[in-house]
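Residue-level structural notes
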Amino acid sequence: MNSVLQIRGLGKSFFGFPVLRGIDLDVRPGEVHGLVGENGAGKSTLMKILAGVYEPDAGTVTLDGKPVEFAHPLQAYAAGISTVFQEFNLISERTVAENIYMAREPRTLGLVSTAGMNRDTGELLASLGVTSIPPTRKVSDLSVAEQQIVEIAKALSFNARIISMDEPTAALAGHEVALLYSIIERLTARGVAILYVSHRLREIFDLCDRITVLKDGELVATAEASQLTETELVRLMVGRSISAFFPEKLEGTTVGDVALTLRSAGNTSVNAVDLRLREGEIVGMAGLQGAGRTEVLEGIAGVNPFTRGTVELLGHPLRLTSPRKAIRKRIAYITEDRKATGLSLNQSVMDNALAVVRAVTPLRSAVARQRANEILESLELSARGPDHEVKFLSGGNQQKVVLAKWLLTEPKVILLDEPTRGIDVGAKHALYTLMRTLAQAGNAILMVSSELPELIGMSDRIVVMHEGELVAELPGGSSEEQIVRAASGLTAAEPAA
Amino acid sequence: MNAQAGRMRRVMSSSTATVYLVLIGIVIVSVILSATVGRSFFTSGNIEYLLTSTTVLGFVAIGQTLVILVGSLDLSVPYIVGLSSVLAAGVMAGSSQNLIAGLLTALVAAACIGAVSGVLVGVVKINGFIATLGVGLMVSGYLFTNYRGNTGQASPGLAALGSISLGPVPVTTLIMFAVLLITLLLVGRTRIGMHMYAVGGDAAVARMSGIRGWMPVFVAHTLSGLFSGLAGLVIVARLGVGSPAAGTQAGYDLLSIAAVVLGGAALSGGKGSLWGSLGGILIFACIDTMMGILQVNPYLKDVVRGVIIIIAVAVYARQAMPRVAARFSPGGGRAVESAPEQIGEDAR
């Protein structure tokens, strides 16, 4: 089989610590090649080598039979390998066209030809089947999905032979994922190969022709997707079979009194939300992106308070008009965006862990530190020490610091917004186990998630938001189809066609 | 057609439009207040005064805009203005033969000082505030050790240039506008100019896109030095002598930064426009002119300036808040038939 990209014996170490060893990989033209593995398996490093961000210590990369070496991202682009990173490489104050042609703006007589640039951008987008994004629009005015399309168009504008994508659906809603799929189909039809990195195994099986599994910096296997099952793939990734991926409810977990009640709660983002959370219960909240799920959590947590309806905590009505008030009522809100609202990246593990407690309780510092250490230890945080800055931690470990920060406040009600986004399989499993333990201890947990298996696997009940309203309440163990129907505004009761 | 509309939008982006709305408001207030003391705001004398006070600050602020666009600051500008004026006047020594030599000496020295800041900020990666503070202090030390008071004398040609006007418009103001137009072309239609926005917007992204990150920073600082040098020459043209303290007395460092911010630029970089900065300068110039007419205590002027800066930036900050369309009215009902997909359209 002829391959467009051949990687042989690729290796990379950081500070003497090997993160990639002896990788042999072939990518064929027009294929979607899945790259899976836990965080720390070396996927990002491999992608960054192909993108020209890192230079390998050992091995060769051959493109169309010619050996290539990239010292700079632009060389990789020029050679025909483009990368769409999870954090987009777009300047938000510039237009779509200016972003796509950045650093190689077409010129006539020394001046940049903006008209030509806009025209070419329009054609480029049209070739992807996208006509709804004007080339002259500022990137800051685009949705996340549209920004991603701009990234892909940018990759394509370099006449990319290979486009690698890092978790491209992480920030997309269901219908936007469908658009991404159709774009990938158009790309492969032209012979462009896609290197697809994702934690979402469903997508890997939906899209990929072949799958390569990395583990601890080594290549475990490359196989035809059709010859693998999900269970086998997970086993290859973690080296052990997670038979019960979602841990069972712990013994002695009892659903007790109502901890939190919302009656017709609403503000300008959500309306008439009726919701009861009981002690010891895990409630899942489903819905498309923009359905108002985060806004419900923000209402409860006092970030963007409800202006209508009532909120009761353990039977007592209260007004949660600021995060401080909510925290004092033992409500913990673990936000979706760890880096922006969960952590102070330049500060140490310990400073982050103590941030909330220091703000609201007169607890003695030594006692707080002691308890923080205990909690961090119980969460199995792997960091160099409590004084290590959190920006150096992996996503999973950063999430543990966020959790520790909130557990230190001894919450009664725990709100989780997309808690497993961007963390690896092992860290996910640890989080699920922690949720079960917290439920057993009598906490009420409300989890917003876009991953249906997670919602179904973990929730006692699932509530569904649609356009700012809570439209359905489904029992745990409901089917994905039922949830999707309710989330897209179809009545859940309607029989399947 | 579409591209033209896009260009128009960029030129008159919402914040720039706001700057000029504020300017118009201040002109109206000025006209009314002038009328209350029985004076007219739009006399040719007043306009000339207004344009004159726009010119020197204009040169400095054009450079400051570029520096702020790349996410840096230039605190060395008042010292460069002073240095340029004493070098030019010193070399010229009142002789016509030395005109070109004087101009070149001043401008080359000014650009070189800007370039030094550019290297410190762009290559050595020293924070712009600190780097230009340091460079400014060094120039200041040189200036005030070697020059006590005004020095040298302008060539007759340059002095003439400083006194000629076309109607109420001083020729030096026209030169400032010419520089503004050239710089507009630079930031809007050349790669290096566009890359200033990119580097200021997100240096890491710019680097990943293949931009040499230090280059736009270096060019912005060098041009800021050069334009401050031009400002110094205008001072020589007006005064006929070099004045080491001309820049510091006027406080061009903070005043130019204030004008750029008043013009809608973000101090974090990547956002701002030269038209906006010009609007900011004109706002200051209008207030100065008005207070001159009203014979306000000069120290009160600074109070008024301070108030204007704070109010204007507070207004911009409100504007910049994310415009998430309300789905429900505060009372409870659906706000409008606004599907979320339309939000982007409406925001235009």
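Residues numbered from 1 in each chain as written. Chains lettered and ligands numbered in written order. Predicted model: local features only at pLDDT ≥ 70, side-chain atom pairs only at ≥ 80, totals over all residues.

Comments concerning the overall build of chain A
As a reminder, the rule being used: The way it works is that DSSP assigns letters per residue, a run of H or I at least four long becomes a helix, a run of E at least two long becomes a strand, and they are numbered from the N terminus. Atoms considered for the radius of gyration are the C-alpha atoms alone. The globule rule reads 2.2 Å times the number of residues to the power 0.38. Labels follow a simple rule on C-beta atoms placed from the backbone: if 20 or more others lie within 10 Å of a residue's own, it is buried; if 12 or fewer, it is exposed; otherwise it is partly exposed. A residue pair is marked as a contact if its C-beta atoms, positioned from the backbone, fall within 7 Å.
When you go through chain A residue by residue, the secondary structure sums to 17 helices and 22 strands. The C-alpha radius of gyration of chain A comes to 24 Å, within 12% of the 23 Å expected for a compact globule of 497 residues. Principal axes of the C-alpha set define a box for chain A whose edges measure 70 × 50 × 50 Å. Evaluated residue by residue, chain A yields a buried proportion of 47% over its 497 residues. At a minimum sequence separation of 6, the contacts of chain A that also span at least 24 residues come to 68%.

What to know about the overall build of chain B
Summing up its helical and strand segments, chain B has 16 helices and two strands in all. Burial analysis of chain B (348 residues in total) assigns 49% to the buried set. Contacts in chain B between residues far apart in sequence, at least 24 positions, make up 78% of those at least 6 positions apart.

Here we look at the interface of chain B and chain A
Basically, it comes down to this: When residues are grouped by polarity, Ala, Val, Leu, Ile, Met, Phe, Trp, Tyr, Cys and Pro land in nonpolar, Asp, Glu, Lys and Arg in charged, and all others, Gly among them, in polar.
Residue-level contacts link 28 residues of chain B with 31 residues of chain A. Those elements that place two or more of their residues in the side of chain B that touches chain A are helix H1 (2-11), helix H9 (191-201), helix H10 (203-208) and helix H16 (343-347) of chain B. Considered class by class, the residues forming the side of chain B that touches chain A number 12 nonpolar, nine polar and seven charged.

Here's the deal with the pairing of strand S19 (residues 413-417) of chain A
Residues and elements named next belong to chain A. Where we set the bar: Strands are labelled as partners when DSSP assigns at least two bridges between them. The definition of a right-handed crossover adopted here requires that, viewed with the strands pointing away, the path from the first strand over the helix to the second runs clockwise.
With five of five residues buried, S19 lies mostly within the body of the structure. As defined by bridge partners, strand S18 (residues 331-334) adjoins S19 across four bridges and the pair is classed as parallel. Within S19, the residue paired with isoleucine 331 across the bridge is valine 413. Bridge count between S19 and strand S20 (residues 444-448): five bridges; the pairing is parallel. When the sheet's bridge partners are listed, isoleucine 414 is paired in S20 with isoleucine 445. Each parallel crossover has a hand, and for S19 linked through helix H15 (residues 425-440) to S20 it is right-handed.

A few points about the packing of helix H5 (residues 99-123) of chain B against helix H11 (residues 214-239) of chain B
Residue and element names in this part refer to chain B. Defined as follows: To obtain an axis, a line is fitted to C-alpha atoms, over the contacting stretch when the element is a helix, and the angle between two such axes runs from 0 to 180 degrees between their N-to-C directions. By the definition adopted for this analysis, an angle is roughly parallel if under 35 degrees, roughly antiparallel if over 145, roughly perpendicular if from 65 to 115, and oblique otherwise. Working rule for handedness: look at the near helix, and if it is turned counterclockwise from the far one by less than a right angle, call the crossing left-handed; if clockwise, right-handed.
Close contact between H5 and H11 brings their axes to 7 Å; oriented N to C, the two are set at 150°. With respect to H11, the element H5 is oriented roughly antiparallel. Judged by the twist between their axes, the crossing of H5 over H11 is right-handed. Partitioned by chemical class, the residues of the contact of H5 with H11 number 16 nonpolar, 11 polar and no charged.

Points about unusual backbone geometry
The phi torsion at Leu109(A) lies on the positive side, around 55°, for a residue other than glycine. In this structure, Lys125(B) takes a positive phi of about 65° despite not being glycine. Within the secondary structure layout, Lys125(B) lies in the loop between H5 and helix H6 (128-146). For Lys125(B), a count of 12 C-beta atoms within 10 Å translates into the label exposed.

Here's the deal with the domain arrangement of chain A
Residue and element names in this part refer to chain A. The line we're drawing: Reported domain spans reflect what an automatic or database domain assignment gives.
For chain A, the domain assignment lists domain 1 (5-238) and domain 2 (258-487). The straight-line distance from the C-alpha centre of domain 1 to that of domain 2 is 32 Å. The interface of domain 1 with domain 2 comprises 11 residues on the first partner and 13 residues on the second. Element by element, the count of residues in the side of domain 1 that touches domain 2 is highest for helix H8 (residues 230-238), at three residues.

Quick word on the sheet that holds strand S11 (residues 210-215) of chain A
Residue and element names in this part refer to chain A. The strand order across the open sheet formed by six strands is S6-S9-S10-S3-S11-S12, and the pairing between neighbours is mixed. Two strands close off the open sheet at either side, each with one partner strand: strand S6 (81-84) and strand S12 (218-224). Strand-to-strand twist in this sheet, taken as the mean axis angle between neighbours without regard to direction, amounts to 20°. Packing against the sheet, helix H6 (residues 174-189) makes contact with strand S3 (32-36), strand S9 (162-166) and strand S10 (193-197), and its axis sits at approximately 145° to S10.

As for helix H3 (residues 44-69) of chain B
All names here are of chain B. Worth spelling out the cut-off: By this rule, a helix spans an expected 1.5 Å times one less than how many residues it contains. Bend, at a single residue, is the angle you get between axes fitted to the 7 residues ending at that residue and the 7 residues starting at it.
Here H3 spans 35 Å end to end across 26 residues, near enough to the 38 Å set by a 1.5 Å rise per residue. A bend of about 35° at glycine 58 is the largest found in H3. Note on H3: the residue one or two positions beyond its end, glycine 71, has a positive phi of about 90°.

Notes on the environment of Asn89(A)
Residues and elements named next belong to chain A. Secondary-structure assignment places asparagine 89 in the loop between S6 and helix H3 (96-100). Judged by the 20 C-beta atoms lying within 10 Å of it, asparagine 89 falls in the buried class. Remark: the alpha-carbon pair of asparagine 89 and proline 323, spanning 234 residues in sequence, is separated by 32 Å.

Digging into the nonpolar core
The criterion, for reference: Working definition: the nonpolar core is a set of buried Ala, Val, Leu, Ile, Met, Phe, Trp, Tyr and Cys residues, joined through C-beta atoms within 7 Å.
Ranked by internal contacts, the top residues of the largest apolar core, which has 162 residues, are Ile163(A), Ile194(A) and Val60(B). Aside from chain neighbours lying at most four places away, what touches Val60(B) is Val77(B), Val81(B), Phe227(B), Ser228(B), Ala231(B), Tyr252(B) and Ser256(B).

Points about the sheet that holds strand S17 (residues 316-318) of chain A
Residue and element names in this part refer to chain A. Strand order in the open sheet formed by four strands is S14-S13-S16-S17, with antiparallel pairing between adjacent strands. A single partner strand is all that each edge strand has here, and the edge strands are strand S14 (273-278) and S17. Pairs of neighbouring strands in the sheet enclose a mean axial angle of 20°, with direction left out of account. Two strands pair when backbone bridges link them, and strand S13 (residues 258-266) and S14 are joined in this way by five bridges, in the antiparallel orientation. Counterpart to leucine 260 in the pairing with S14 is leucine 277.

So, the environment of Leu379(A)
Residue and element names in this part refer to chain A. The topology assignment puts leucine 379 in the loop between helix H13 (365-378) and helix H14 (395-407). On the basis of neighbour counts, which here come to 19 C-beta atoms within 10 Å, the residue leucine 379 falls in the partly exposed class. With 329 residues separating them in the primary sequence, leucine 379 and leucine 50 have C-alpha atoms 34 Å apart. If we ignore the near neighbours within four places in the chain, the residues touching leucine 379 are Lys400, Leu403 and Ala404.

Some remarks on helix H4 (residues 114-127) of chain A
Spacing of three or four residues puts side chains on the same side of an α-helix, whose turn is 3.6 residues. Residues and elements named next belong to chain A. What counts, and what does not: It is the directions from the helix axis to the C-beta atoms that the arc portrays.
Helix length check: H4, at 14 residues, gives a terminal C-alpha distance of 20 Å against a target of 20 Å (1.5 Å per residue), a fit within 8%. Along H4, the residues classified as buried are Thr114, Met117, Asn118, Thr121, Gly122, Leu124 and Leu125. Projection of H4 onto a plane perpendicular to its axis shows the buried side chains occupying an angular sector of 165°, all on one side. More than 90 degrees from the buried face of H4, the exposed residues found are Glu123 and Ala126. Directly beyond the C-terminal end of H4, a positive phi value near 80° is found at glycine 129.

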